Amino acid sequence: MNIILLGPPGAGKGTQSAGLVERHGMMQLSTGDMLRAAVKAQTPVGLEAKAVMDAGELVSDEIVSKLIDDNLAALDAGTGAIFDGYPRTAAQGEQLDAILAKHGRTLDHVIELEVNVDALVERITGRYSCANCGALYHDTANVPAKEGVCDVCGSTEFKRRPDDNEETVRTRMEEYRAKTAPILPGYEARGIVTRVDGMADIDAVAGQIDAVLG
Ligand code: ADP
Ligand code: AMP
C-alpha cells in the first residue's frame with residue numbers, strides 16, 4: 001500500500017504518518033524531514049535548501065524527487081510508503097509516478113486532510129517536537145501525558161522549527177494554494193482521492209484514515 005497524505009502546512013500529515021507507522025508498519029517518507037536532516041548535516045542539498053525553507057518557499061523539484069527516489073530504493077518491497085509533504089507541484093506528481101513505476105509500486109490512495117485555514121496558524125505556531133525522537137506535540141492541542149517529558153522516548157528536550165513563525169506560515173499557505181492544491185484534480189480523475197475531516201481530534205482523524213485503508 002502506497003499513499004499520499006495531502007493537506008496544507010499544519011493539517012496533521014506528520015502526526016497521522018507517525019500513527020500509520022506505528023499501527024501498520026508503513027514507512028513515512030517526509031521530504032520536509034529529509035531536508036531538515038540535510039540542513040543539519042550541512043550536505044550540499046542542505047546548504048542549498050536552507051534559505052528557501054526559511055523563507056517558506058519550495059525547494060526545487062529535482063532535489064526533493066531525488067530524495068524520494070533514493071529513500072524508496074532503500075525501502076523493502078513489502079513495506080508500504082506514506083508520502084508526507086510530497087508531491088507539492090504538478091512536476092513532482094509526474095516525477096512520483098515515474099519513481100513508483102521504476103520501483104514496481106502503485107499509488108493506492110491520496111488522502112486529503114481537510115482543514116479550516118484559519119486554524120492552521122495556531123496549529124503551526126504551537127507546534128514543537130521531541131529533540132531526541134521527533135515526536136510531534138502542540139502547546140495546547142497535543143501535550144505530553146507528563147509535562148515536559150516525551151511520551152515516546154522519555155526525553156526532556158524539545159525543539160521548534162525555525163520556519164514555524166506566522167510570517168513564513170503565510171508564504172507556505174500561499175505556496176500550497178498556488179502550487180499544491182492544483183494537483184488534486186488529476187488524482188481525483190484517477191478515482192483515488194478520499195477527503196477526511198482534519199479538524200477532528202487526532203484519534204478520530206486516524207480512525208477515518210484507517211477506514212480508507214481498509
Ligand atoms: P503537518 O505535518 O501537516 O504540517 P503536523 O502533523 O506537524 O502537520 O501538525 C501540526 C500541529 O498540529 C502539531 O503541533 C500537531 O501536534 C497538531 N495537530 C495535528 N493534528 C491535530 C488535530 N487533529 N487536532 C489538533 N491538533 C493537531
Ligand atoms: P514540511 O516539513 O512539509 O512543512 O516542509 C518544510 C519545508 O521544506 C517547506 O516549506 C519547503 O521549503 C521544503 N519542502 C518540503 N517538502 C517539499 C517538496 N515536496 N517540494 C518543495 N519543497 C519542499
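Everything that follows concerns the structure shown earlier in this document.
Residues numbered from 1 in each chain as written. Chains lettered and ligands numbered in written order. Predicted model: local features only at pLDDT ≥ 70, side-chain atom pairs only at ≥ 80, totals over all residues. Heavy atoms only, no water.

J.: Just to check I follow, could you spell out the site of ligand 1 for this structure?
T.: What surrounds ligand 1 is a group of 19 residues, the closest being Gly14, Thr15, Arg127, Tyr137 and Ala200. For ligand 1, a nitrogen atom lies 3.4 Å from a polar atom in the side chain of Arg123. Protein chains bury 92% of the 560 Å² of accessible surface belonging to ligand 1 in isolation. At the level of elements, helix 1 (13-24) and strand 6 (136-138) are the ones that each hand at least two residues to the shell around ligand 1. Within the shell around ligand 1, the residues separate by chemical class into eight nonpolar, seven polar and four charged. (Near = heavy atom within 4 Å. Polar contact = N/O pair within 3.5 Å; in protein donor to acceptor, adjacent residues only side chain to side chain. Areas by Shrake-Rupley, 256 points an atom, 1.4 Å probe, with all protein chains shown as cover. Helix = DSSP H or I, 4+ residues; strand = E, 2+ residues; numbered from the N terminus. Nonpolar A, V, L, I, M, F, W, Y, C, P; charged D, E, K, R; others polar.)

J.: Teacher, can you tell me more about the site of ligand 2 here?
T.: In the region of ligand 2, 16 residues are neighbours, and Thr31, Arg36, Glu57, Gln92 and Arg161 sit closest. Glu57 is positioned such that a nitrogen or oxygen atom in its backbone is 2.5 Å from an oxygen atom of ligand 2. Note that a nitrogen atom of ligand 2 is positioned 2.9 Å from one of the side-chain N or O atoms of Gln92. Relative to its free-state accessible area of 480 Å², ligand 2 is covered by the protein chains to the extent of 96%. Among the elements that line the shell around ligand 2, the one with the most residues is helix 2 (residues 31-41), at four residues.

J.: Explain the side chain of Arg127 here, please?
T.: Within the fold, Arg127 resides in strand 5 (residues 127-130). Judged by its relative accessible area of 16%, Arg127 falls in the buried class. A polar atom in the side chain of Arg127 sits 2.8 Å from the side chain of Asp164. (Buried < 20%, exposed > 50% of the residue type's maximum accessible area, 1.4 Å probe, protein only.)

J.: In this structure, what is going on with empty space enclosed by the protein? I would like to understand it.
T.: Empty space among the atoms becomes visible once a probe the size of a water molecule is rolled across them. Tallied over the entire structure, the rule returns one cavity of 30 Å³ or more. Taken as a whole, the largest cavity spans an internal volume of roughly 70 Å³. Residue lining of the largest cavity: Leu5, Leu6, Gly7, Pro8, Pro9, Lys13, Gly85, Tyr86, Pro87, Arg88, Tyr176 and Thr180, and that is the complete set. Put simply, the parts of the chain that give the lining of the largest cavity at least two residues each are strand 1 (2-6) and helix 7 (166-180). When the residues that make up the lining of the largest cavity are grouped by side-chain class, the tally is seven nonpolar, three polar and two charged. (1 Å grid on protein atoms, 1.4 Å probe; cavity = no way out; pocket = protein on both sides within 12 Å on 5 of 7 lines; lining within 4 Å. Points joined across faces, edges and corners; volume = space filled by probe spheres on them.)

J.: Which parts of the structure should I look at to understand unusual backbone geometry?
T.: With glycine set apart, most residues show a phi of negative sign, and most peptide bonds adopt trans. Here the bond from Tyr86 into Pro87 is cis, since omega is 0 degrees, no more than 30 degrees from zero. The topology assignment puts Pro87 in the loop between strand 3 (81-84) and helix 5 (90-102). Phi is positive for Gln42, close to 55 degrees, though the residue is something other than glycine. In this fold, Gln42 is placed in the loop between helix 2 and helix 3 (44-55). By relative accessible area, Gln42 is classed as exposed at 58%.

J.: Explanation requested: the packing of aromatic side chains in the structure shown.
T.: Two aromatic rings, taken as a pair, are described by how far apart their centres are and by the angle between their planes. One pass over the full model with this rule turns up four aromatic pairs. Seen in terms of ring centroids, Tyr128 and Phe158 are 5.5 Å apart; in terms of plane orientation they differ by 80 degrees. Their pairing is edge-to-face. In this pair, Tyr128 is assigned in strand 5 and Phe158 in strand 7 (residues 158-159), connecting sequence segments 30 residues apart. Taking relative accessible area as the criterion, Tyr128 reaches 13% and is therefore assigned buried. For Phe158, a relative accessible area of 27% gives the class partly exposed. An aromatic cluster is built from Tyr128, Tyr137 and Phe158, whose rings are joined through pairwise contacts. (Phe/Tyr/Trp six-rings, centres within 6.5 Å; stacked < 30°, edge-to-face > 60°.)

J.: It is not clear to me how the pattern of salt bridges should be interpreted in this structure. Could you clarify?
T.: Opposite charge on two side chains lets them pair, provided their charged atoms get close. Taken as a whole, this structure holds 18 salt bridges when the rule is applied. Measuring nitrogen to oxygen at the nearest pair gives 2.7 Å for the salt bridge that ties Arg190 to Asp97. Within this pair, whereas Arg190 is found in the loop between helix 8 (184-189) and strand 8 (193-197), its partner Asp97 is found in helix 5, the two being separated by 93 residues in sequence. Note on Arg190: relative accessible area 44%, which makes it partly exposed. In this structure, the salt-bridge partner of Asp164 is Arg127, at a minimum N-O distance of 2.8 Å. With a gap of 37 residues between them, Asp164 in the loop between strand 7 and helix 7 and Arg127 in strand 5 connect regions that are remote in the sequence. (Salt bridge = Lys/Arg side-chain N within 4 Å of Asp/Glu carboxyl O.)

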